[in-house]
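The residues making up each chain are set out below.
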Amino acid sequence: MENSRSYSESVALETAAVISGEAAPGIERSDAPTVHGGGVNTPLYAARVKVYPKRAHGTFRTVKWIVMAVTLSIYYLVPWLRWHRGPYLPDQAVLIDFPSRRFYFFFLEIWPQEFYYITGLLVLAALALFLFTSIAGRVWCGYTCPQTVWTDLMIAVERFFQGDRNQRMRLDKTPWALETLWRKGATHFTWLLIAVATGGAWVFYFADAPTLARQLVNFDAPMIAYVFIGLFTATTYLLGGIAREQVCIYMCPWPRIQGGMVDRDSLLISYRGWRGEKRGPHKVGQSWEGRGDCIDCRQCVAVCPTGIDIRNGSQLECIQCALCIDACNEIMDKVGRPRGLIAYDTVRNLESAGKDGLSFNLSRPRVVLYSAAIAVVGAIMLTALMLRPNVDVNVLHDRNPLYVKLSDGGIRNGYTLKLLNKAYAPRYFRLAVKGLPGAELTVVGQEKEPDLVITVPADDLQSIRAYVTLDKKANAALPAADAAFSFVVTSADGAAEAEHETTFQGPER
Amino acid sequence: MAMSKRDAVSEPETTGHEWDGIQELNKPLPKWWLYVFYATVLWSIGYWLLMPSWPLLSGYTKGLLGYSQREKVASQLEAARAAKAEYRDRVAASDLAAINADPELLRFALAGGEAAFGDNCAPCHGRGAQGAFGYPNLRDDSWLWSGTLDGIQQTIMHGIRADDPKTRSGAMPAFGKSGLLSAAQINDVAEYVLSLSGGSHDPQAAERGAEIFAKNCVACHGPQAKGNHEFGAPDLTDELWLYSGDKATIVTTVDGGRGGVMPTWVGRLDPETIKELAIYVHALGGGE
C-alpha cells in the first residue's frame, strides 16, 4: 500500500476540506463525510466509519413512519388474531403448526404436499419485487425491508435518548462522561427490549400465542422457543442496532442484483446535476444565474442512513430511502429555489436535462412482462385454490407381490389408500370401485361391514388397506393382464367426492 | 497481478481486472468481516475441544462434552419405545379378536407387525409375504395349518416341525424312498393328483392312481383330497401349490416326502410382537 493514511483518516481529511462556513445565508454547511462510495485509495481492510444519520422532515419521512407503523404492527400483532375453525382445529389466524404439519392462514390451510402454493407465493413475491424495482428502483429496500424498518426504529430510539446527529457525535467524543453512559445505556437497553419483543413475536407464529405467552412467562415453554427468541434477539440487536448499513452494503445480495433490474426509465432517487451544477455556497444577494441550485450544504449526506453522497450518482450503497429528497426540499424552500433538486427521476430524463418534461414510461417490455407473469401465476394459484377439493384419495398399488392367486383361481390385488379429509370436522366416507366388472372390495378391519364406511378424523388423513378380488371368470374377461380402474370416495352426505385411477394386475398372459 | 488503475467514471481504484468492459472496483473489506473470520477459527478450536472431532490411530478424540451419536440414537430408540408403551400394554392385555375389532389398536398392530415381519419373516416368506418354492404364500386364502388369528399365533410361537413340544408336526412321508410305493405307482398317483385340480393328465393312470391314493393318502389329505389342518396336509384340489404343481415335482414330493420347517419364535420375540405379527399376517388378505 502506497498510502500511509488509514481509510478513516482519508475520509476525514477529504471531508475537512469541505467543512466550514455557511452554504447559504442562515444555512450551515454540514460536516457529514461521504462515508461510502467516495474516491480514495483503499487499503485491504478498513475500519467502519460510523454514520450519524440526521433527522429528516418531509413527505417521505412521514411515509416511512407510516410504513414502519403498519409493518411492525402486522409483525407483532398478527399472531394474536383469532380465526374460528371449529372444535378440532387451532383458532389462531396465522399459524405454522410443525407438529401436525399444517400451515394456517385465515381461511386457507396448507398441507405439506400442497407446498407448491408456498412456492407459487414466493414466485409471486419475487416477480412483484422485480416489477417494483423496474418501476421505481429499490422501493423494497427503502421502505419495507425488515433491515430498513428495524434500523429506522433503532435510530429513532437512539435519537430519543442521545439527541440528533450533532449531540450524538458530541457524546461519542466524551465516551466516559456520566451523561454518555446513561444515555447510551438507555439506548442499548431499549434496543434489547425491542429485540426481545421481535424474537418473542416470531415464536408466536409457531404455537398458540396466548398459551405460549403464559408458558414463556412461567418459564415452562419448550426450549426451542427460548432458543429462537435468543436467536432473534441477538440478530435484531446486532443487525438493526449495531450493524445497520453494513448489512445492506456487505451482507445483502440485492444491491448487486438491482443493477440488472433497473433501466433508463426506472424511477431512481437522483440528484439532478443539470440543475444543481455548478454547485457552491450561495452568498446574500448573489444571482442564481450562471450557477447551479446546489449550495453544497451536504444536508443530503447528513440525513443519509448509509452515509453516501447521492450527488455521486446511482450507487450500490443507496437503499433509496428518499430521506435526501426531504432534506434537500427543505433547503430549497429556505433558499427560495424550486423543490426537486433531488427527486425520483429516470436516467433518460437526467440525460435530457429535463428538457422533455417529466416523461415516465410504464409501457416498457420489462414492466409489461413482469405484470403479465404476475397475472398468470396469480390466476393459476387462485384457480388451483378455488378448485381445491376438501377430500382426496391417494392410492398405492402393492408391488410386492403385484397380485395374489387364490385357491379357486381368482386374483387379488392389494392397495394402500390414504383418505384426506380437509374439512374441519370428522367425516364418513364410502369407498367403492369403479370400472372393474365383478370386483369385490374388502377393507382390513372392516370385513364385517358391507357398506365400507370409513371414518376420517377432522383435518387429517386415514391410511387403510384394501383388497380388490376378481374371480377366475371375471379376471379372464379382462381384455389384458392389467386393467385400469378407479377408487371412488364419497362423503356420507354425498357432497364431496374424489377419485383416483390405478391398475388391477393379473398373471401375464 | 494486474496493475491497479483508477476508473474514470466513479473515481475509486480498480483492481485492473476487466471482463467484457466491466471493471472490478478495489474496495476495502470491512474490518469486522476479518474479525468474523477469526471468530470462526476460534469457534472451530472450541468445537474440537468439546465435540468428537479428530481421528486417532485407534479411535478418535471424544471431546469434553462426551457427545455420541450412537448414544443419541439409543436414547431416541428408548424414547420411541416409551412412546409406544401405552399401546404395547393394551396389545398385551387384549386378545387377538379384541385387537382386530379396535380400529386404533389394529392400526398400531399392523404397523408393528409389518416392521417385525420385515426383520424376522421376510427372509423365507418374502418381503411382501408372497412366499417362494416351499415357503407358503401368506397372502392367499389357502392355509396348511390354520388361517385364524389364534392359529397363526400358534404357528408363529411354536413353529412347524420345530424343536418345541407344542410345535405343529406331521410330515409328508417319503413313499418312494421308504419302499412303500413303486415308481410306477408313484407315477399313477401323480397323474391322479394332477387330475384333482383339473391339470392335464393320463386318465387311465389317474384311475389306477385313485386306488393307490385311497389306500395311502386319504388318512392325511382326506377322501376328497381337500387336505387337513390337523396334519398340515394341503388341499390338492385347488389351484395353489406350495411346491410346484408340475408332474415332475409332484413325483419328487411323493417319492421323497416333504417336511419344511418353520422355527419357533416364542422366547425370541416378545409376546406383543408375536401378537402384532399374527394380526399383520391375518390382514394380508387370506385371514380366516
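Residues numbered from 1 in each chain as written. Chains lettered and ligands numbered in written order. Predicted model: local features only at pLDDT ≥ 70, side-chain atom pairs only at ≥ 80, totals over all residues.

1. Digging into the overall build of chain B
Step number 1: Looking only at helices and strands, chain B has eleven helices and four strands in total.
Step number 2: Relative to the compact-globule value of 19 Å for 288 residues, chain B shows a C-alpha radius of gyration of 35 Å, a clear excess of over 25%.
Step number 3: Projected onto the principal axes, the alpha-carbon positions of chain B cover approximately 110 × 55 × 45 Å.
Step number 4: Residues classed as buried in chain B amount to 28% of the 288 residues present.
Step number 5: In chain B, of all internal contacts separated by at least 6 residues, the share reaching a separation of at least 24 is 54%. (Helix = DSSP H or I, 4+ residues; strand = E, 2+ residues; numbered from the N terminus. Rg over C-alpha atoms; globule rule 2.2 N^0.38 Å. Buried ≥ 20, exposed ≤ 12 C-beta atoms within 10 Å, placed from the backbone. Contact = placed C-beta atoms within 7 Å.)

2. Structural notes on the overall build of chain A
Step number 1: From N to C terminus, chain A includes 17 helices and 17 strands.
Step number 2: Computed over C-alpha atoms, the radius of gyration of chain A comes to 33 Å, more than 25% over the 23 Å expected from 2.2 N^0.38 for 509 residues, which places it beyond the range of a compact globule.
Step number 3: Counting the 509 residues in chain A, one finds 29% classified as buried.
Step number 4: For chain A, the share of sequence-separated contacts (at least 6 apart) that also reach a separation of at least 24 residues comes to 72%.

3. A few points about the interface of chain A and chain B
Step number 1: With 27 residues of chain A in contact, the opposing surface of chain B contributes 28 residues.
Step number 2: In terms of residue class, the side of chain A that touches chain B is built from twelve nonpolar, nine polar and six charged.
Step number 3: In the sheet, strand S3 (residues 45-46) of chain A pairs with strand S4 (residues 29-30) of chain B via two bridges, with the strands oriented parallel. Among the inter-strand pairings, Ala46(A) is bridged to a residue of S4(B), identified as Pro30(B). (Nonpolar A, V, L, I, M, F, W, Y, C, P; charged D, E, K, R; others polar. Pairing = 2+ DSSP bridges.)

4. Comments concerning the sheet that holds strand S6 (residues 108-110) of chain A
Residues and elements named next belong to chain A.
Step number 1: Taken in spatial order, the three strands make up an open sheet running S4-S5-S6, and their pairing is antiparallel. The sheet terminates laterally at strand S4 (94-97) and S6, the two strands that pair on one side only. Between one strand axis and the next, the sheet turns by 10° as a mean value, whatever way the strands run.
Step number 2: Strand direction decides the pairing type here: strand S5 (residues 102-105) and S6, joined by three bridges, are antiparallel. If you follow Tyr104 over to S6, its bridge partner there is Glu109. (Axes fitted to C-alpha atoms, helices over the stretch in contact; angles between N-to-C directions.)

5. Regarding the environment of Gln286(A)
Residue and element names in this part refer to chain A.
Step number 1: Mapping Gln286 onto the fold places it in the loop between helix H12 (273-276) and helix H13 (299-303).
Step number 2: Note on Gln286: 13 C-beta atoms within 10 Å, which makes it partly exposed.
Step number 3: The spatial distance from the C-alpha of Gln286 to the C-alpha of Ala24 is 10.0 Å, given a sequence separation of 262 residues.

6. Details of the environment of Gln154(B)
All names here are of chain B.
Step number 1: With respect to the helices, strands and loops of the structure, Gln154 is situated in helix H6 (residues 149-158).
Step number 2: Overall, Gln154 belongs to the partly exposed group, with 19 C-beta atoms counted inside 10 Å.
Step number 3: Sequence separation between Gln154 and Asp255 is 101 residues, and the spatial gap between their C-alpha atoms is 30 Å.

7. Some points on the sheet that holds strand S16 (residues 482-491) of chain A
Residues and elements named next belong to chain A.
Step number 1: Read across the open sheet, the four strands follow the order S14-S12-S16-S17; overall the sheet is antiparallel. Unpaired on one side and paired on the other, strand S14 (453-456) and strand S17 (497-505) mark the two borders of the sheet. Going from strand to strand, the sheet's axes swing by 30° on average, the running direction of each strand aside.
Step number 2: Across four bridges, strand S12 (residues 427-434) lies against S14 in antiparallel orientation.

8. Some words on unusual backbone geometry
Step number 1: The linkage connecting Glu277(A) with the following residue, Lys278(A), adopts the cis geometry, with an omega of 5°.
Step number 2: Assignment of secondary structure puts Lys278(A) in the loop between H12 and H13.
Step number 3: A cis amide bond, omega 0°, links Asn400(A) with the succeeding residue Pro401(A).
Step number 4: Checked against the element boundaries, Pro401(A) lands in the loop between strand S9 (391-397) and strand S10 (404-405).
Step number 5: Look at Arg244(A): it is not a glycine, yet its phi comes out positive at around 50°.
Step number 6: Phi is positive for Arg161(B), close to 50°, though the residue is something other than glycine.
Step number 7: One can find Arg161(B) in the loop between H6 and helix H7 (183-196).

9. Regarding the packing of H7(B) against helix H10 (residues 247-256) of chain B
Residue and element names in this part refer to chain B.
Step number 1: Here H7 crosses H10 at 125°, and the two axes come no closer than 9 Å. In this view, H7 runs oblique relative to H10, as classed from their interaxial angle. Crossing of H7 against H10: the hand is right-handed. Residue-level contacts link Ile186, Asn187, Val189, Ala190, Val193 and Leu194 of H7 to Lys247, Ile250, Val251, Val254 and Asp255 of H10.
Step number 2: Along the lines of polarity and charge, the residues of the contact of H7 with H10 split into eight nonpolar, one polar and two charged. (Parallel < 35°, antiparallel > 145°, perpendicular 65-115°, else oblique. Left-handed = near helix turned anticlockwise from the far one by under 90°.)

10. Some thoughts on the confidence of the model for chain B
Step number 1: Looking at chain B as a whole, its pLDDT mean stands at 91, while 96% of the residues score no less than 70.
Step number 2: Prediction confidence for the complex, expressed as pTM and ipTM, is 0.79 and 0.82 respectively. (pLDDT = per-residue confidence, 0-100.)

11. Describing the confidence of the model for chain A
Residue and element names in this part refer to chain A.
Step number 1: Of all residues in chain A, 94% attain a pLDDT of 70 or more, and the chain-wide mean is 89.
Step number 2: For the stretch residues 1-5, pLDDT sits under 50, and the model shows three contacts to residues farther than four places along the chain or on other chains.
Step number 3: Every residue in residues 13-19 is under pLDDT 50, and counting partners more than four places away or in other chains gives six contacts.

12. Section: the packing of H7(B) against helix H8 (residues 203-216) of chain B
Residue and element names in this part refer to chain B.
Step number 1: Running from N to C, H7 and H8 point in directions that differ by 100°, and their axes come no closer than 7 Å. Classed by the angle they form, the pair H7 and H8 counts as roughly perpendicular. Residues Gln185, Asn187, Asp188, Val189, Glu191, Tyr192 and Ser195 of H7 touch H8, and the partners they reach there are Ala205, Ala206, Arg208, Gly209, Ala210, Ile212 and Phe213.
Step number 2: The residue makeup of the contact of H7 with H8, split by class, is seven nonpolar, four polar and three charged.

13. Some remarks on the nonpolar core
Step number 1: Ranked by internal contacts, the top residues of the largest apolar core, which has 44 residues, are Cys300(A), Leu323(A), Cys324(A), Ala327(A) and Ile342(A).
Step number 2: Going through the elements one at a time, strand S1 (22-24), helix H5 (146-162), helix H7 (178-204), helix H10 (245-251), strand S7 (268-271), H13, helix H14 (323-335) and strand S8 (342-345) of chain A are the ones with two or more residues in this core.
Step number 3: Broken down by element, the residue count for this core peaks at six residues, all from H14(A).
Step number 4: Contacts of Leu323(A), omitting those with residues within four sequence positions, involve Ala56(A), Phe60(A), Arg61(A), Val303(A), Cys304(A) and Pro305(A).
Step number 5: Residues Val444(A), Val456(A), Leu138(B) and Ile274(B) belong to the second largest nonpolar core, which totals 40 residues. (Core = buried A, V, L, I, M, F, W, Y, C linked by C-beta atoms within 7 Å.)

14. What about the environment of Arg244(A)?
Step number 1: With respect to the helices, strands and loops of the structure, Arg244(A) is situated in the loop between helix H9 (223-243) and H10.
Step number 2: Taking the C-alpha atoms as reference points, Arg244(A) and Ala23(A), separated by 221 residues in sequence, lie 30 Å from one another.

15. A few points about the pairing of S17(A)
All names here are of chain A.
Step number 1: Where S16 lies against S17, nine bridges are found, and the strand directions are antiparallel. Within S17, the position partnered with Phe485 by the bridge is Thr502.
Step number 2: Once S16 ends, the chain turns through five residues before running back antiparallel as S17, passing Gly494 with a positive phi of about 75°.

16. Comments concerning H5(A)
All names here are of chain A.
Step number 1: Relative to the 24 Å expected for 17 residues at 1.5 Å per residue, H5 spans 24 Å between its end C-alpha atoms, a close match to the ideal helical length.
Step number 2: Turning to H5, its buried residues are Thr148, Val149, Trp150, Thr151, Asp152, Met154, Val157, Glu158 and Gln162.
Step number 3: Its buried side turned inward, H5 meets helix H2 (59-77), helix H4 (139-144), helix H6 (165-173), H7 and H9. (Expected span 1.5 Å × (residues − 1).)

17. A look at H6(B)
Step number 1: By the burial criterion, the buried members of H6(B) are Leu149(B), Ile152(B), Gln153(B), Thr155(B), Ile156(B) and Met157(B).
Step number 2: Downstream of H6(B) by one or two residues, Gly159(B) has phi in the positive range, about 75°.

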